[in-house]
Amino acid sequence: MPRPRLPHLAALALSALLALVLVVEPASAVKRGDFKTCDQSGFCKRNRAFADRADEHPKDWASPYAIDRPAFVAGTYTAGVANALFPDIQFRLEVRFHADGVARVIMDEVNGLRQRYNEAAEWAVQTTPTLATDDGEFTVAITKDLSSITYANGRHEVRIEHQPVKVTFLRDGQPHIVLNERGLLNMEHFRVKSIPKEGDEQLVVQDPEHPEVETIIVKEEAFPGFLPPNDDTMWEESFAGKTDSKPKGPESLSLDITFPGYEHVYGIPQHASSLSLKQTRGGEGAYTDPYRLYNLDVFEYDTDSEMAIYGAIPLMKAHRAGSTVAVFHAVGSEAWIDITKAPTPKPVLSAFRKTQKPADSTDLGPAATTTTTHWMTESGILDLFIFLGPSPLTIFDQYTALTGRTPLPQLFAIAYHQCRWNYQSQTDVLDVQRRFDEADIPFDVIWLDIEYADEHQYMIWDRRNFPEPEVMQDKLAEKGRKLVAIVDPHIKRNPNLYIYKEAQDLDILSKTPDGKELEGWCWTGSSAWTDFFHPKSWDWWIGQFSFEKFKGSTKNLFVWNDMNEPSIFNGPEITMQKDAVHYGGWEHRDVHNIGGMIFQNLTAQGLVQREDPPKRPFVLTRAFYAGSQRFGAMWTGDNLGTWHHLASTIPMLLTNGIAGMTFSGADVGGFFGNPSEEMMVRWYQVGAFSPFFRAHGHIDTKRREPYLFGQPIQGYIRDAIRLRYKILPAMYTAFYEASLTGIPILRPQYVLFPDDAQGFAIDDQFYLGSTGLLVKPVVAEGATETSIYISDDQPYYHYATHEIHFGAATGGAHVKISAPLDSLPVLQRGGSIFPRRDLVRRSAILTWRDPITLVVAVDLAGKSATGSIYLDDGESYSNEKGEYVYRGFTLAPAEDGKNLVLQSRSLHAAQESVEQGVAAYNPTENAWARKISDVVVREIVILGLPSKPSCIKKAGGDVGLEFTWSDGVAATAGRRRGGKKASELVITDAGAPITADWDLVFDFGAACGVTPAVDHDAAFQSPECAAGQFRCQNVGHIPSCILRSRVNDGVCDPECCDGSDETDGKTECADRCKEIGASFRKAADEEARKRRVGSAVRKEYITFGVKEKARLEADVEQVAKDIAKLEAREQTAKAGLDIMETAEAGDTERKKSSVLYQQILEMQSAIKALRAHRANLEAHVSDLSSILSELSRDFNPNYQDMAVLGASRAFKDWQTANGVAEADVEEGEGDGIVQDAPPPPVETSGEADAKDYTDRELQALEDEDPLALIDSLSSRVAPATPAGIASIFKIEDYMPEAWRPKFDELKQQLLTILARTGIIHAPVPASTSDHPELVRARAAVSAITDEITTARKKLDDTNESLNKDWGRDWEWKKLDGTCVEKDLGEYTYSVCFFGEATQKSNSNHAKTNLGRFSSWSTSAEAGSDAYYEKHVYDNGQRCWNGPARSAKVDLICAPTNALLSVIEPEKCEYLFTVSTPAVCFPKAPEGVAKEEL
């Protein structure tokens, strides 16, 4: 095969380098160039410049918009709005007043060229708001210049100034929200493209269809600066090589909204930014761009950034001491929001001081700073909801009443989820479950990313790796666990794919502007996207989740909706083109932010409707919009495993929560990267209190399941997860509260303490629901303590240590809390009662009958506390029928004023139930209450009591309860005693039913007799087992010890075949020991048989090894003797050669000084350099070929790999053109895109006939002895032929052939006589051919040296083999070079003992080296059985964007050598399981055998 020509090598290297440059990004930075800035977004740039002109000319600036024909009827204010610049363009303004006090401002173009998009609110709003239609509820005054309407029982007022338009919303006479105060209202009306008229300063608008009609507008001088200087980007816009056709022209909306006297604004998620939003146009720490709302797939997004990411909720809240207001702009298009702050105008400050406030007003007055915002949206109407508060709780309630509450999820959904891209197979999934259980770490859900789906065709299982998905789900369900599978919105454009064909038949796929099917690139390759705005798509998509359609799914499978921004790898900004067309003719630009919510909504409905009776759905979404909270959870997307991303998690979750999207979380550990152990612990601690708690990692990351970490890190992570399971009752209760009122689960400081200005910007700590827990996670590397801010003067108790800390009566206080790595700073506020379950089961649903623990943290007076708990079946909708338990706990002084009483009472939610259409609630007799009637509050811990009670007994009882008391600091002690352990009272066996009313009286007077507490756990502790374990006798089989937490958990544990682990009636477990014992013994007998056969084979291996060892030892001895003899011969030969060469030294020096000798040396140096260069070049070619071969086979078709796709195609073309390797890709394989034919080979002039020297030939030329070359000149070069007459007289040329020998003899005799007589002279010898003795001597020495070298190599090889570890008994020598292989469908894997492991593609036959044998087990003791039961192969071919491949081979005893299985638990790290007789070691003596499982 001809060697590669350099031009093609250069092309290959260039293509690879381009791929590297384009793909390998810094691990900590987003590709900002993929996404627009405001300056690159036409409408944002235009409207920002518009605002700049207003600020530059404040005195001359005027808004051309004015009110016309105002009227008020039946709760709605209406008016025409005219724009003086365009008098023929009409707008309509409405202000609607809702019964709950919310106002809605709507402005739209009237009778325009086309309708502006006006359906966003229909998607966001759950139910149409009820209007306050009774005119008697309003006070209306409309004059020529002003309209005033008072509403909401006279507390609210809107004042509408007519010219220019300005709308002010007041509460209690004070302005709180002002629209168009800066005059930035501008609704770009629909128009035809303008054509300038020469010689005319006026703007002429001409309709191409009616050229005779012209409209001349008012000259710009009337409103200087209001009109844009040109129409750049109005009719077409390009970004990153992609063009937006903008067929409708400009249609953006600009509006300024001012919050007078409000320094802090919150909301407008999603951004990786602070809770209190930053300025964007100057100021300390300000951003340079506006906050952007545009759902985008931004992987590795920046922290502390205004960039748009996955979700968009156009809700902004403003807060000051004692007052909260908000605006919600129902728009589905791209939006940008500038935020500026300035001193509050004096009239605002003075008006508050002068105005008399209502007695119940909480407003403490305007702050010194006012926030002004500028909202810029690309399309749509103005549809603005105004919330005037006054409290955060009011806003939560009103906003979620409008857009929907977060429904109560299934209990498993708020427990711990384990995910990664990707769990490779059914075996892998079940192995993860097994290892979690072995480590006693609970989890509820395991997740499958895109690789579960055949060719990423969602809802179609890859049956090679998931052959029995129903069995897998059943195995998880046996322990109360669920499975979540990803289903993305893109559909592979495969005509044989049923989903694609059905969508085509229904004509429900998104379209391009010319009406064709929109095609893009995503995980499935060439893809289409369902238009979920099309009504025909709704029932169709819901039906896809039926068990008949989603084959292999069960009721325990739930769904993850990813990539639903939508993400389109080759689209503008990695999303759908804005001029794509949806149902109704709406452009994608109008609805972009809404589509992801509809997708999640329909998926959730699919899960509800797949079974009867229905269960609550669980659907995780990445993209979201206002109202998405109604349909499931969200997560913060593709974050990084960095401390900055860890720290940004908390403000992001807080912001989502206050914007209604409270069921949220972040990927624990970060999606990208390999975080340190310290960071992993800290991230799990954050996750333990996140509403959605899921660990997830990219396919390129190291696997990080908690059980993989060594101690103590594994223990710290385990503690964090188990803490989550303990607090699940409180977390579930917080979800219930959110479902009633919309209050977030994680509550920022300002929500609980709305008057404390020092807490308004705090976003690194939060309160969990109404539990009283204040959480301040550690998010800084190396930190071992933290400072927690306390707003009030209550005592706060450390959740773990019970140390007490005190706040301050005024001004707040910062308290330092120790926070070593194993500690999460959590304080319980005085006055709260916290419910938890201390027994941690394998999954959440298994705890439903476990006892409750109450932790009572008494208040500053040492007498009071309150708390609550909500319980239901955790999965069905029976709670909506009143089947639940909702209890309130209260500690308060008794009527006598001396004692205390702890009460349990039903928190009757009748009113809330009626509002939600729920059946009447009976707190003790509903079905669920009856089912858990035997569940009790068992342990009660009371912290901070000033003194020890003398008796604690149930009201009406005669005998007291046993309790323990530990002295400590009382809640009444004051700040100087802070930092020490509080007093602690513990009732270990209260026995108070959770469903009943009861009173516990704490008597501080007379003593009483007590009933000894029952140690309930002691009944399950077996002396034969370790602490915390229960012994199953398993008569007929083998006794077993199991964890106490697995007793009475509703699971029939296989370790307890006698069923003794389930005795409380949750479930009945039959005694299966007889059949299991028989089966076990049968399997043991079969295993023993295999081991006997394998041991016999192993003995044969040992016999062979012993003989081989003896043979090698004999070889070593013999070769050593041979070398000694050769060395003696070499010494004698060298001595003779030295004598000859000394005599020849003079001639040698003469030759070395010749030009020929020097030129030979130079040529040899050149050959050496060229060989090195060629070797280096070939190594690069090999590396690049390996990389690109892997890319062409393995590349991930996400948008960061599009350059890789191009590089891999170029490589295939290069292979074909140069014949370097066969481009053997089957038709239809690969990316699915038609490729151009590869270029023909390039011929280089003069190369065709050049000899192609092998490396061995070049090596021989380099090694030639220059002197030998000179000496052999006469033998290598033919003598010159004499010219002219001399040749004619060569008699021998004319002599008969028979005479020639005799003639040559006579001729030689004559020449000898002439030389002796001096008549002629013999020539000087010119080569060693005239010195045969010297030549022979050199040859002899060289030959002996070669023999010695060969002998020594043989000796080294033999010694190496002798010294190699072939096993304790040399049993492995027999297997040296033996290979085993297995065809696993896509690949055939092979491993050769002591050789290499390989992976061969079954499609293109490309072979990948997975590593060469390097060692036995690296973790077991050398020489032990375990040491020889593992082979390690490493330094294989390097993965693309990953490490060098490696493999570990687990060896198990069997009669034959066979490759049983191969998995890839980590990227590029393979695990082989191989059977072999070589590890059939002798069994341990009978006395050593284990007696227990």
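In this report, we go over the structure that sits alongside the text. (Residues numbered from 1 in each chain as written. Predicted model: local features only at pLDDT ≥ 70, side-chain atom pairs only at ≥ 80, totals over all residues. Heavy atoms only, no water.)

**Topic: the packing of aromatic side chains**
What counts is decided by this rule: Any Phe, Tyr or Trp ring, taking Trp's six-membered ring, that has another such ring centre within 6.5 Å forms a pair; planes under 30 degrees apart are called stacked, those over 60 apart edge-to-face, and the others tilted. Numbering of helices and strands starts at the N terminus; helices are DSSP runs of H or I of at least 4 residues and strands are runs of E of at least 2. For the exposure calls, accessible area comes from a 1.4 Å probe over protein chains only, and a residue counts as buried if that area is under 20% of its type's maximum, exposed if over 50%, partly exposed in between. In this scheme, the term charge over a ring applies when either NZ of a lysine or CZ of an arginine sits within 6 Å of the ring centre and within 35 degrees of the ring normal.
Counted under the stated rule, the structure contains 73 aromatic pairs. Measuring from centroid to centroid gives 5.6 Å for W123 and F533, while their planes differ by 85 degrees, and the two rings are edge-to-face. Of this pair, W123 sits in helix 3 (residues 120–124) while F533 sits in the loop between strand 29 (525–529) and helix 9 (535–543), and the two are 410 residues apart along the sequence. Here W123 and F533 have matching classes, each one buried. Note on W123 and W538: the rings are 6.1 Å apart at their centroids and 90 degrees apart in plane angle, and the pair reads as edge-to-face. Here W123, found in helix 3, pairs with W538, found in helix 9; they are 415 residues apart in sequence, far enough to count as distant. Note on W123: relative accessible area 19%, which makes it buried. Among the aromatic residues, those joined into a ring-pair cluster are W1366, W1370, W1372, F1393, F1394, F1413, W1416, Y1427, Y1428 and Y1433. Sitting over the face of the ring of F558, R610 holds its NZ or CZ atom 5.2 Å from the ring centroid. A cation over an aromatic ring shows up here: K931 above the ring of W848, its NZ or CZ 5.0 Å from the ring centre.

**Quick word on the sheet that holds strand 20 (residues 323–329)**
In plain terms, the rule: Paired strands are those between which DSSP finds at least two bridges. To obtain each axis, a line is fitted to C-alpha atoms, and for helices this fit is confined to the stretch in contact; angles are then taken between N-to-C directions over 0 to 180 degrees.
Here eight strands make up an open sheet; going across it, the order is 1-2-3-4-23-20-19-16 and the pairing antiparallel. With partners counted over all chains shown, the strands left at the sheet margins are strand 1 (65–73) and strand 16 (264–267), one partner each. When strand polarity is set aside, the average angle formed by the axes of neighbouring strands in this sheet is 20 degrees. Bridge count between strand 16 and strand 19 (residues 315–320): four bridges; the pairing is antiparallel.

**Comments concerning the state of the cysteines**
The test is simple: In what follows, a disulfide is any cysteine sulfur pair within 2.5 Å.
Taken as a whole, this structure holds nine disulfides when the rule is applied. Bridging C1052 to C1069, the disulfide has an S-S length of 2.0 Å. Taking the sign of the torsion about the S-S bond as the criterion, the disulfide between C1052 and C1069, at about -90 degrees, is left-handed. Of this pair, C1052 sits in the loop between strand 60 (1040–1043) and helix 19 (1073–1143) while C1069 sits in the loop between strand 60 and helix 19; the two residues are 17 residues apart in sequence, bridging distant segments of the chain. Note on C1052: relative accessible area 30%, which makes it partly exposed. A residue is classified by how much of its surface remains accessible, and C1069, at 14% relative accessible area, is buried. A sulfur-sulfur separation of 1.9 Å characterises the disulfide bridge that pairs C1379 with C1392. In this structure, the disulfide formed by C1379 and C1392 twists by about 105 degrees around the S-S bond and is classed as right-handed.

**What to know about unusual backbone geometry**
The phi torsion of most residues other than glycine is negative, and most of the peptide bonds are trans. In this model, P269 is joined to Q270 through a cis peptide bond whose omega is 25 degrees. Here Q270 lies in the loop between strand 16 and strand 17 (291–293). Residue D612 is joined to P613 through a cis peptide bond whose omega torsion reads 0 degrees. In this fold, P613 is placed in the loop between helix 11 (595–609) and strand 31 (619–621). The phi dihedral of M459 falls on the positive side, at around 75 degrees, and the residue is not glycine. Within the element layout of this structure, M459 appears in the loop between strand 25 (445–448) and helix 7 (469–477). Residues other than glycine seldom take positive phi values, yet F1394 does so here, at roughly 65 degrees. On the secondary structure map, F1394 appears in the loop between strand 62 (1387–1392) and strand 63 (1396–1401).

**Quick look at the nonpolar core**
To keep it simple, the criterion reads: The criterion is simple. A nonpolar core is a set of buried Ala, Val, Leu, Ile, Met, Phe, Trp, Tyr and Cys residues joined through side-chain atoms within 4.5 Å. Contacts between residues were defined by any pair of non-hydrogen atoms, one from each residue, lying within 4.5 Å.
Membership of the largest hydrophobic core comes to 225 residues, with the highest contact counts inside it found for F328, Y452, F618, Y684, F689, I987 and F1002. Per-element accounting of this core gives the leading share, nine residues, to helix 15 (residues 728–741). Those residues within four positions of F618 in sequence are excluded, and the remaining contacts are F412, A413, H417, W447, V484, F558, V559, L607, A633, F663 and F692. In terms of nonpolar packing, the next biggest core, distinct from the first, is built from 61 residues, L255, M316, A335 and L388 among them.

**Focus on the pairing of strand 21 (residues 335–343)**
Across a regular strand the side chains alternate sides, sitting on one face of the sheet and then on the other. Summarising the sheet, strand 17 and strand 21 pair through three bridges and their orientation is antiparallel. The residue of strand 21 that forms the bridge with R292 is W336.

**Overview of the sheet that holds strand 61 (residues 1379–1383)**
Taken together, eight strands build an open sheet; the order of strands is 61-62-63-64-65-66-68-67 and the sheet is mixed. Across the chains shown, the open sheet's two edge strands, defined by having one partner strand only, are strand 61 and strand 67 (1458–1466). For this sheet, the mean inter-axis angle between neighbouring strands, taken without regard to orientation, is 25 degrees.

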